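Structural characterization, general
Residues per chain are reported as follows:
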Amino acid sequence: MMTERQINVDSGEIAKFSALAHKWWDKTSEFKPLHEINPLRLGFIEEFVSLADQSVLDVGCGGGILSEGLAERGASVTGIDLAEKSLKVAKLHLFESGLQIDYRCVSVEELAESAPESYDVVTCLEMLEHVPAPASVIAACARLVKPGGWVFFSTLNRNAKAYLLAVIGAEYVLNMLPRGTHDYGKFIKPSELGRMARLAGLDTVEVRGMHYNPLTQIYSLGGDADVNYLMACRKAA
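Going along each chain's sequence as written, the residues are numbered from 1 onward. Residue-level local features of this predicted model are given only where pLDDT is at least 70; pairs of side-chain atoms are given and counted only at 80 or more, and the full residue set underlies all totals for whole chains, interfaces and linings. Side-chain measures were taken over the full set of non-hydrogen atoms in the model, leaving aside hydrogen atoms and water.

**With respect to the sheet that holds strand β6 (residues 202-213)**
DSSP calls a pair of strands paired once it identifies at least 2 bridges connecting them. Runs of H or I in DSSP of at least four residues are treated as helices and runs of E of at least two as strands, each being numbered from the N terminus. The strand order across the open sheet built from 8 strands is β3-β2-β1-β4-β5-β8-β6-β7, with neighbouring strands paired in mixed fashion. Where the open sheet ends on each side, the last strands, each with one partner, are β3 (101-104) and β7 (218-221). Averaged over all pairs of adjacent strands, the angle between their axes in this sheet comes to 20°, without regard to strand direction. With 7 bridges joining them, strand β5 (residues 145-156) and strand β8 (residues 228-235) adopt antiparallel strand pairing. Here, axes are lines fitted to C-alpha atoms. For helices the fit covers the stretch in contact, and angles between N-to-C directions go from 0 to 180 degrees.

Here is the structure:
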């Protein structure tokens, strides 16, 4: 169990993403999949809430791909991450995009202590499978969102199909991701994520699968949540 002074971070994961930080905005690099799924992620969020004039927190923002998409839709965005090199890239890219985003190097748990119920929307996408204690992140997200606000998660299911496609397929066969990007043991079943969200005071509204067709090289939403999936949750008003 984590104590309040412990930081919920895997130093190996930070080092891994720090080594790739300069490639965040190279759409032909290892981050190509994130660029390609970003419109789907934003579209999913906008099914439940209009982002214009909303205060949004992007947890695990990395180089700012999702954060900039949120800001382009009129949201007031704060992005947090513990990988300082990634945050430097995110801040530098603002000179190119012309957007205004508040990037901070702080843990979600620490921010939840200092600024509870401060955001209309909290996003935590492709991040839970990279931390030692996902329940702690989920609880902090729930504390940070205002009553009646929305929290969005995305992660990878834990089953044989997910291992075959997300690890063996994506990392070793198709070379879409660097080998070692994902630790199968950290994948989270939708039922587990739903339970952690419920314990944190969030109601699960929707679970949606995200799929990749290797023949057409196109991503889409819908159908089963066997591999990648998104979850929309809401805090009671």
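**With respect to the pattern of salt bridges**
Salt bridge, as used here, is a side-chain nitrogen of Lys or Arg placed within 4 Å of a carboxyl oxygen of Asp or Glu. Applying the stated criterion to the full structure yields 12 salt bridges. In this structure, D120 engages K146 in a salt bridge whose closest nitrogen and oxygen atoms are separated by 3.3 Å. With D120 in strand β4 (residues 119-125) and K146 in strand β5, this residue pair connects regions lying 26 residues apart in the sequence. Under the relative-accessibility criterion, K146 is labelled partly exposed at 29%. The closest approach of N and O atoms between R208 and E206, which form a salt bridge, is 3.1 Å. Burial status follows relative accessibility: with a 1.4 Å probe on protein chains alone, a residue under 20% of its type maximum counts as buried, one over 50% as exposed, and anything between as partly exposed.

**Brief notes about unusual backbone geometry**
The phi torsion at D53 lies on the positive side, around 65°, for a residue other than glycine. The phi dihedral of Q217 is positive, around 60°, even though this residue is not glycine. Structurally, Q217 can be placed in the loop between β6 and β7.

**Quick word on the packing of aromatic side chains**
In this scheme Phe, Tyr and Trp rings, the latter by its six-membered ring, pair at centre separations within 6.5 Å, and the angle between planes marks the pair as stacked below 30 degrees, edge-to-face above 60, and tilted otherwise. Under the criterion given, the structure shown has 7 aromatic pairs. Ring centres of W150 and F152 lie 6.0 Å apart, and the angle between their planes is 15°; on these two criteria the pair is classed as stacked. For the pair W150 and F152, one class covers both residues: buried. Linked through ring pairs, F44, F48, W150 and F152 together constitute an aromatic cluster.

**Some remarks on helix α3 (residues 65-72)**
Taken across its 8 residues, α3 has 7 buried, putting it largely inside the fold. Here α3 has its buried residues at I65, L66, S67, E68, G69, L70 and A71. Lining the buried residues of α3 we find α2 (32-46), β1 (55-59), β2 (76-80), α4 (84-97), β3 and β4. The positive-phi residue at the C-terminal boundary of α3 is G74, with phi of around 95°. Contact definition: two residues touch when any of their heavy atoms are within 4.5 Å.

**A word on the nonpolar core**
What makes a nonpolar core is a set of buried Ala, Val, Leu, Ile, Met, Phe, Trp, Tyr and Cys residues whose side-chain atoms join them at distances within 4.5 Å. Of all hydrophobic cores here, the largest spans 34 residues; its most connected members are W24, L70, Y103 and F152. Going through the elements one at a time, α2, α3, α4, β3, β4, β5 and β8 are the ones with two or more residues in this core. The greatest single-element share of this core, amounting to 5 residues, is contributed by α2. Those residues in contact with L70 that lie beyond four places of it in its chain are L42, I45, L51, V56, D58, A75, V77 and T123. Residues L111, Y119, F153 and Y229 belong to the second largest nonpolar core, which totals 32 residues.

**Structural notes on the side chain of S55**
Along the chain, S55 turns up in strand β1. Accessibility expressed as a relative area gives 17% for S55, which makes it buried. If we ignore the near neighbours within four places in the chain, the residues touching S55 are S76, S118, Y119, D120, V121 and K146.

**Here we look at the confidence of the model for the protein chain**
As a per-residue measure, pLDDT reflects the predictor's confidence and takes values from 0 up to 100. Scored by pLDDT, the protein chain has a mean of 89; 89% of the residues are at 70 or more. Scored below 50 in pLDDT, residues 1-5 makes 5 contacts in the model with residues more than four places away or belonging to other chains.

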